[in-house]
Amino acid sequence: MLDPKIRDDFPILSLEVNGKPLVYFDNAATSQKPQAVIDKLVEYYETSNANIHRGIHYLSEKATEGYEESKKKVARFINAKSYKEIIYTRNATESINLVAYTLGLSSLSKGDLVISTEMEHHSNIIPWQIIKKHKKIDVEFVPVRDDYTLDIDEYKKLLQRKPKLVTFVHASNVLGTINPAKEITRLAHKAGAFVLIDGAQSVPHMKIDVEDIDCDFLAFSSHKMCGPTGIGVLYGKQEILEELDPFMGGGDMINHVTYEESTWNKLPWKFEAGTPNIADAVAFGATVDYLEKIGMRDIEKHERELVSYALDKMKKVKGLEIFGQDDRVESRGGMVAFTLKYAHPHDVAQLLDEEGIAVRSGHHCAQPLHEKFKKSTTSRASFYLYNTKEEVDKMIAALDRVVELFHS
Amino acid sequence: MDLYKKEILDHYKNPRNFGKIKTEAKSTHGENPSCGDSINMDIVFKQGRIENIKFSGDGCAIAIAAASMLTEKVKGMKIVDVADIGFQDIQKLLGVEVSHSRKNCAILALNVLRKMVLQELKQQK
């Protein structure tokens, strides 16, 4: 386990909620921010604020440097070849949409196949439904088996239909399942497809190496990894990004403009129209520094130990059913979705909130997955580097009280 | 634990007027898509009144307790009076103040009931 002193880095963790110390277990929705990131944000506005790529004055150069430095850090963090492969968006959702609206609109045509999975967040379902409407493509979903893993045999069968794109979630935001990204990618490439990975729930929690996985695109969000909201990342292989048309048009993404036509800027700027979210990008650079200082492998180990501890305890709560793998901790992320036989997920979340414990209830933007397993909604506790076993104990005690209240 | 006081839990665990009416009833369905609460309501209207009412469905304690209490209140009432029932009345029935995030749970049954009552009033005219 990581040293609990880490908690002192996060000012919000000293809050009291409903008279009780905050227990924040909603990290899959968004994570809390360390002081170093908050300070960087303030420092940027106090000492560096200007527009980037536009001026030759001191502040503009300083802001530009901070923005580009952030991209270099992110490139190094996921082992991309260069910052040219790092495009900033608003969030992982926008990153996926960027691929849909560029590659999807320009390279897909009627009858082409896109393979996705039944485990996806809505953000990796809806964009393809929109492209399906525009381009009359087919979208197929790799089934989730009863053990909450992807049916790789079915996937291989679908690959025989020569898909143009395979897109899948690396770590499920509900089941906790971590999919074998490298193997799925290898098989997709063998079939001639591009590969887009939704890394929103994996990049914050484990060491990701895009060269090793060999995916063509990877989408993730800063705010789920201790960074500011409003910054998402799309990693793309340089040679593929070079070939794609821009996503949005406007300032900074151009090379030369006439009234009739324009040429595009170099990578990665070709995909970033208008003034970007400079301040949050700069603070995101500090976020990467923070996570690297702690170490992604240690963060992963910490969460694995915590989720294993939580699963053991949760299984003993009367009437509690875990939605996801409850034994294979080695292929599982640090979150647990569950239902209680006697209480609705909304009531569970509300009663836990009264104890200062923040969990999420709902369908977690994965409605089709819930419907497949005949669940309307679930509660979800999701952990991060600053959570402790003592906090899990508090949740277990609170869940026992919910059972008592509803079952008696 | 104000929201989960005895009366609310009692109505949740043993909802009144729960089930379906097999004959001569009108039926409507309502749901809160974000939380999965879903309620079906059967009503027999007779001579400007609600003669019989039953509901079925699935939801949180607030949604089910509010539906149970509401059906108890409106059974036998004149439908013109039912049309005047609002969120405040539901809070009074529940006996607690309902927070903004739970308002949709509390008024789900009321929304279904209002829809049916307004339709009935329209047909009478």
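Reading guide: rules and limits
- Residues numbered from 1 in each chain as written.
- Chains lettered and ligands numbered in written order.
- Predicted model: local features only at pLDDT ≥ 70, side-chain atom pairs only at ≥ 80, totals over all residues.
- Heavy atoms only, no water.
- Helix = DSSP H or I, 4+ residues; strand = E, 2+ residues; numbered from the N terminus.
- Rg over C-alpha atoms; globule rule 2.2 N^0.38 Å.
- Buried < 20%, exposed > 50% of the residue type's maximum accessible area, 1.4 Å probe, protein only.
- Areas by Shrake-Rupley, 256 points an atom, 1.4 Å probe, with all protein chains shown as cover.
- Lys, Arg positive; Asp, Glu negative; His and termini not counted.
- Charge placed at Lys NZ, Arg CZ, Asp CG, Glu CD.
- Pairing = 2+ DSSP bridges.
- Contact = heavy atoms within 4.5 Å.
- Buried area = accessible area lost by both parts, 1.4 Å probe.
- Salt bridge = Lys/Arg side-chain N within 4 Å of Asp/Glu carboxyl O.
- Polar contact = N/O pair within 3.5 Å; in protein donor to acceptor, adjacent residues only side chain to side chain.
- Nonpolar A, V, L, I, M, F, W, Y, C, P; charged D, E, K, R; others polar.
- Expected span 1.5 Å × (residues − 1).
- Bend = angle between axes of the 7 residues up to and from the residue.
- 1 Å grid on protein atoms, 1.4 Å probe; cavity = no way out; pocket = protein on both sides within 12 Å on 5 of 7 lines; lining within 4 Å.
- Points joined across faces, edges and corners; volume = space filled by probe spheres on them.
- Axes fitted to C-alpha atoms, helices over the stretch in contact; angles between N-to-C directions.
- Disulfide = S-S within 2.5 Å.
- Parallel < 35°, antiparallel > 145°, perpendicular 65-115°, else oblique.

Looking at the overall build of chain B
When you go through chain B residue by residue, the secondary structure sums to five helices and three strands. In chain B, the order of α-helices and β-strands from amino to carboxyl end is α-β-β-β-α-α-α-α. For 125 residues, the compact-globule estimate of 2.2 N^0.38 gives 14 Å, and the C-alpha radius of gyration of chain B, at 14 Å, lies within 12% of that figure. C-alpha extents for chain B along the principal axes are approximately 45 × 25 × 25 Å. The buried share among the 125 residues of chain B stands at 50%. Counting every atom, chain B has about 6400 Å² of accessible surface; 47% of that belongs to carbon and sulfur. Charged side chains of chain B number 20 positive and 15 negative; the gap between the two group centres comes to 3 Å.

Digging into the pairing of strand β17 (residues 378–382) of chain A
All names here are of chain A. Among the five residues of β17, five are classified as buried, and the element is accordingly described as predominantly covered. Residues T378, R380 and S382 point to one face of β17 and S379 and A381 to the other, with burial holding for every one of them. Looking at chain direction, strand β14 (residues 335–340) and β17 are connected through four bridges and run antiparallel. Of the residues in β17, the one forming a bridge with M335 is S382.

Concerning the interface of chain A and chain B
In this assembly, 18 residues from chain A lie in contact with 18 residues from chain B. Carbon and sulfur atoms make up 55% of the surface buried where chain A meets chain B, a total of about 1400 Å² over both sides. Note that D347 of chain A and R102 of chain B form a salt bridge whose closest N and O atoms lie 2.8 Å from each other. Between the two partners, chain A and chain B, sit seven residue pairs in polar contact (both at pLDDT 80 or more). Counting only elements with at least two residues in the side of chain A that touches chain B, the list comes to α11 (345–353) and α13 (389–407) of chain A. Considering every element that reaches the side of chain A that touches chain B, the biggest residue donor is α11 of chain A, with four residues. For the side of chain A that touches chain B, a count of residues per class yields five nonpolar, ten polar and three charged.

A word on helix α5 (residues 103–124) of chain B
Residue and element names in this part refer to chain B. With 22 residues, α5 should cover 32 Å at 1.5 Å per step; its first-to-last C-alpha distance of 31 Å lies within 8% of that length. Its axis deflected by about 35° at A109, α5 carries its strongest bend there. Regarding α5, the residues found buried are C105, A106, I107, L108, A109, L110, V112, L113, M116, V117, E120 and L121.

A closer look at empty space enclosed by the protein
Residue and element names in this part refer to chain A. For the structure on display, the rule yields three cavities of 30 Å³ or more. Put simply, the largest cavity is a space of about 140 Å³. In terms of lining, the largest cavity is formed by 17 residues, of which the most central are H205, E303, R332, G333 and G334. Among the residues forming the lining of the largest cavity, the class breakdown is seven nonpolar, six polar and four charged. Quantified by volume, the second largest cavity comes out at close to 50 Å³. Taken together, I115, S116, T117, V142, L150, I152, Y155, V166, T167, F168 and I184 make up the lining of the second largest cavity.

Remarks on the sheet that holds β17 of chain A
Residues and elements named next belong to chain A. Taken in spatial order, the four strands make up an open sheet running β13-β14-β17-β16, and their pairing is antiparallel. Two strands in the sheet have a free side with no partner beyond their single neighbour: β13 (320–323) and β16 (360–362). Each neighbouring strand pair of the sheet contributes to a mean axis angle of 35°, computed without reference to strand direction. Bridge count for β16 against β17 is three bridges, and the pairing is antiparallel.

Some thoughts on the state of the cysteines
All names here are of chain B. According to the stated counting rule, one finds zero disulfides over all chains in the structure shown. Between C60, a cysteine without a disulfide, and C105, which holds the nearest cysteine sulfur, the sulfur-to-sulfur distance is 3.8 Å. The exposure class assigned to C60 is buried, which follows from its relative accessible area of 0%.

Notes on the pattern of salt bridges
Following the criterion strictly, the structure yields 29 salt bridges over all chains and no others. Ionic pairing is found between E272 of chain A and K71 of chain A, a salt bridge with its closest N-O pair at 2.3 Å. Pair noted here: E272 of chain A is in the loop between β12 (262–264) and α9 (278–294) and K71 of chain A is in helix α2 (residues 58–77), with a separation of 201 residues, a long-range link. The shortest N-O distance in the salt bridge between R16 of chain B and E72 of chain B comes to 3.9 Å. Taken together, the residues R16 of chain B in the loop between α1 (6–13) and β1 (26–32) and E72 of chain B in helix α2 (residues 61–74) connect sequence positions 56 residues apart. On the basis of relative accessibility, which here comes to 45%, the residue E72 of chain B falls in the partly exposed class. Three or more residues are tied together by salt bridges with common partners; here these are K20, E355 and R401 of chain A.

Focus: unusual backbone geometry
All names here are of chain A. The amide bond that connects L267 to the next residue, P268, takes the cis arrangement and shows omega of -5°. You can see P268 is positioned in the loop between β12 and α9. Even without being a glycine, H364 presents a positive backbone phi close to 55°. Counting through the fold element by element, H364 comes out in the loop between β16 and α12 (367–372). Owing to a relative accessible area of 1%, H364 belongs among the buried residues under this scheme.

Concerning the sheet that holds β1 of chain B
All names here are of chain B. Strand order across the open sheet formed by three strands is β1-β2-β3, with antiparallel pairing between neighbours. Each end of this open sheet is capped by a strand with a single partner; those strands are β1 and β3 (49–58). Looking at each pair of strands side by side, their axes are set apart by 20° on average, direction ignored.

Side note on the packing of α1 of chain B against α2 of chain B
Residue and element names in this part refer to chain B. Two numbers describe how α1 lies on α2: the axes approach to 8 Å, and their chain directions differ by 85°. With respect to α2, the axis of α1 lies roughly perpendicular. Of α2, the residues touching α1 (which contributes E7, I8, H11 and Y12) are A61, I62, I64, A65, S68, M69 and E72. Grouping the amino acids of the contact of α1 with α2 by side-chain chemistry returns seven nonpolar, two polar and two charged.

By themselves, these are just geometric observations and shouldn't be taken as functional.
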